[in-house]
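Below are the chains, spelled out letter by letter.
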Amino acid sequence: MAAAGRRFQVTAEREENGMNDHVYKMLEMVGSSTESSDEAVRNALARAARTVRHMDWFEVAETRGHIVDGEVAHWQVTIKIGFRLDDDA
């Protein structure tokens, strides 16, 4: 997602949800699947969700595949996940 797209998303969320300004951190992960690139993304998000709180968005940075006998055998998708840092209490 382009920087302008991220700014629009954060601005829209803030307006829609009445959110205060937040600080986000990005995490880069690689998901894999023998089924599809979408499933590779879901696998990466599901794994991140086990330990990362406040995930709000992701962008696909890179898609790769492994070919066997002229067919896609395996997908690998690199994603960047944006998550909000906890507010100071």
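All values derive from a computational prediction rather than experimental measurement. (Residues numbered from 1 in each chain as written. Predicted model: local features only at pLDDT ≥ 70, side-chain atom pairs only at ≥ 80, totals over all residues. Heavy atoms only, no water.)

A. Representation of helix H2 (residues 37–49) within the structure. Compared with the 18 Å implied by 1.5 Å per residue over 13 residues, the 18 Å span of H2 between its first and last C-alpha is a close match. All of the buried residues in H2 are Ala-40, Val-41, Ala-44 and Ala-48. Seen end-on, H2 carries its buried residues on one side only, within an arc spanning 100 degrees. The inward-facing, buried residues of H2 contact strand S1 (24–33), strand S2 (55–68) and strand S3 (71–84). Backbone nitrogen of Asp-38 and a side-chain oxygen of the N-cap are separated by 3.5 Å at the start of H2; the cap is Ser-36. (Helix = DSSP H or I, 4+ residues; strand = E, 2+ residues; numbered from the N terminus. Expected span 1.5 Å × (residues − 1). Buried < 20%, exposed > 50% of the residue type's maximum accessible area, 1.4 Å probe, protein only. Arc of directions from axis to C-beta. Contact = heavy atoms within 4.5 Å. Polar contact = N/O pair within 3.5 Å; in protein donor to acceptor, adjacent residues only side chain to side chain.)

B. Quick look at the confidence of the model for the chain. Summary statistics for the chain give a mean pLDDT of 84 and a share of 75% for residues scoring 70 or more. Confidence, expressed as mean pLDDT per element, reaches its minimum in the chain at helix H1 (residues 3–17) with 56 and its maximum at H2 with 97. (pLDDT = per-residue confidence, 0-100.)

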